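Analysis of the macromolecular model
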Amino acid sequence: MSTPKKGFTLVELLVVISIIGILMALLFPAFAAVRGAAQSVQCKSNLRNFALCLLAKASNSPNGAYCSGAFDGKRDGAFDQYSWVSDCIAQDVIPGDMLCPSSKCIASEKWNAASSNGASAPPARQGVPLKQSLQATAEAGFNTNYATSWHLVRTAPLFAGTAGVQATKPGGLKDWYKSNGQRQCVGPLTMRALDTSDIPASALAIMGCGGQGDVALPYDGSEDGILTETVSEARGLVAGIPLAESFNDGPAFVASGNRAAVVLQPDGTTRAAFGAPAGGYPTLGEVGVTNVFMQDTRDFFAWHQKTVNVAFADGSVRAIEDANGDGYINPGFGVDPSVATFQNTGYTSAETEVNPWEMFPGVLLNGSFPVKKFEQ
């Protein structure tokens, strides 16, 4: 009599495979969550290193500046010499080796204009070329996918007399200087400006995870959000990859008559218009306001499971939740959710997503200016 062979029947095998499939389906989200959490921790570590590096620069610089400028060759000059990235590299902290691991962007949008030689930079920087080729510059680590705040690289507007802003075009306060050499903003944040401000360093954002640059549909090759020419295959900077924003645009507002758009600072804005609203800035969960200037924070993006990692001027790093899942942190802009969309506004809800004492949403670091006139 032959001994029956031991083994699985086809039905048993199918049951085991089904059970394994169910277990894997249950475990994969957990694995993804663990991986996402690890990436967020790495991102926070990167930001903390950058923040501490810039703090060290400020402490050791005669003018106390946190950085020499934005990562923007056109507006601030050759970024291998004049940028927060070059400031970090001077201290052996290599931003190109410390990218946000969750971002789909591995390079800055400013590679599309890397050879502009500072057309709108401070006069002494205009015409100054990169020290090496674009490829060599990229491979040396002069690259980032983090975006800085407007306060870090511009601090405040310059005013003409007691009222008018020295700006001749809407959104002009993104420029440090105009192309004719006229200065528009104070320039990079300094220790003195921060120490004498009304805003605690722990609430002044200086850097965060950068969102992708602008890309219209259909794509015509003119936007900043896609790399147009290969820079370095070794670093992955090949034509067609998505590019990250460089820095936040600065003062903006939602007009009560057009709540479908966030508008950058227009020409002729007065000093008084940049002050805080009489009732204070809206708080977490409150419906945002209109006709109030606040920081356009849409260059930061929530790559980390509905959170944005942000570094502050005291060196701390915190995760800020994107409550409605549109990818952006609304500091209090009163958009109309019935007409505002991701494509035209970014903010798809009027609810404020961060408290003003946790991340300062305003423009002026000194909210009130004493007025006097002794001489006749």
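Description of the structure in this document. (Residues numbered from 1 in each chain as written. Predicted model: local features only at pLDDT ≥ 70, side-chain atom pairs only at ≥ 80, totals over all residues. Heavy atoms only, no water.)

Topic: the sheet that holds strand E4 (residues 205-209)
Adjacent strands of a sheet pair through backbone hydrogen bonds, lying either parallel or antiparallel. Across the sheet, which stays open at both edges, the four strands sit in the order E1-E4-E8-E9 with antiparallel pairing between neighbours. The open sheet has two edge strands, strand E1 (146-148) and strand E9 (317-321), and neither has a second partner. In this sheet, adjacent strand axes meet at a mean angle of 30° when their direction is disregarded. (Pairing = 2+ DSSP bridges. Helix = DSSP H or I, 4+ residues; strand = E, 2+ residues; numbered from the N terminus. Axes fitted to C-alpha atoms, helices over the stretch in contact; angles between N-to-C directions.)

Considerations on a nonpolar patch on the surface
On the surface, Val11, Val15, Ile19, Ile22, Leu23 and Leu26 cluster together to form a nonpolar patch covering roughly 590 Å² of accessible area. Looking at where Val11 falls in the secondary structure, it is placed in helix H1 (residues 10-60). (Patch = residues over 30% accessible without salt bridge, like charges linked within 9 Å, V, L, I, M, F, W, Y side chains within 5 Å. Areas by Shrake-Rupley, 256 points an atom, 1.4 Å probe, with all protein chains shown as cover. Salt bridge = Lys/Arg side-chain N within 4 Å of Asp/Glu carboxyl O.)

Observations concerning the sheet that holds strand E7 (residues 294-296)
With antiparallel pairing, three strands are arranged side by side in an open sheet as E6-E5-E7. The open sheet has two edge strands with one neighbour each: strand E6 (258-264) and E7. Here the average twist between neighbouring strands, direction ignored, is 50°. Looking at chain direction, strand E5 (residues 250-255) and E7 are connected through three bridges and run antiparallel. When the bridges of E7 are listed, Gly250 appears paired with Asp296.

Remarks on empty space enclosed by the protein
What the rule picks out here adds up to one cavity of 30 Å³ or more. Within this model, the largest cavity holds a volume of roughly 100 Å³. Classifying every residue of the lining of the largest cavity by side-chain character gives seven nonpolar, five polar and no charged. (1 Å grid on protein atoms, 1.4 Å probe; cavity = no way out; pocket = protein on both sides within 12 Å on 5 of 7 lines; lining within 4 Å. Points joined across faces, edges and corners; volume = space filled by probe spheres on them. Nonpolar A, V, L, I, M, F, W, Y, C, P; charged D, E, K, R; others polar.)

What about the state of the cysteines?
Under the criterion given, the structure shown has zero disulfides. Cys43 forms no disulfide, and the closest cysteine sulfur to it belongs to Cys209, at a distance of 3.5 Å. Judged by its relative accessible area of 0%, Cys43 falls in the buried class. (Disulfide = S-S within 2.5 Å. Buried < 20%, exposed > 50% of the residue type's maximum accessible area, 1.4 Å probe, protein only.)

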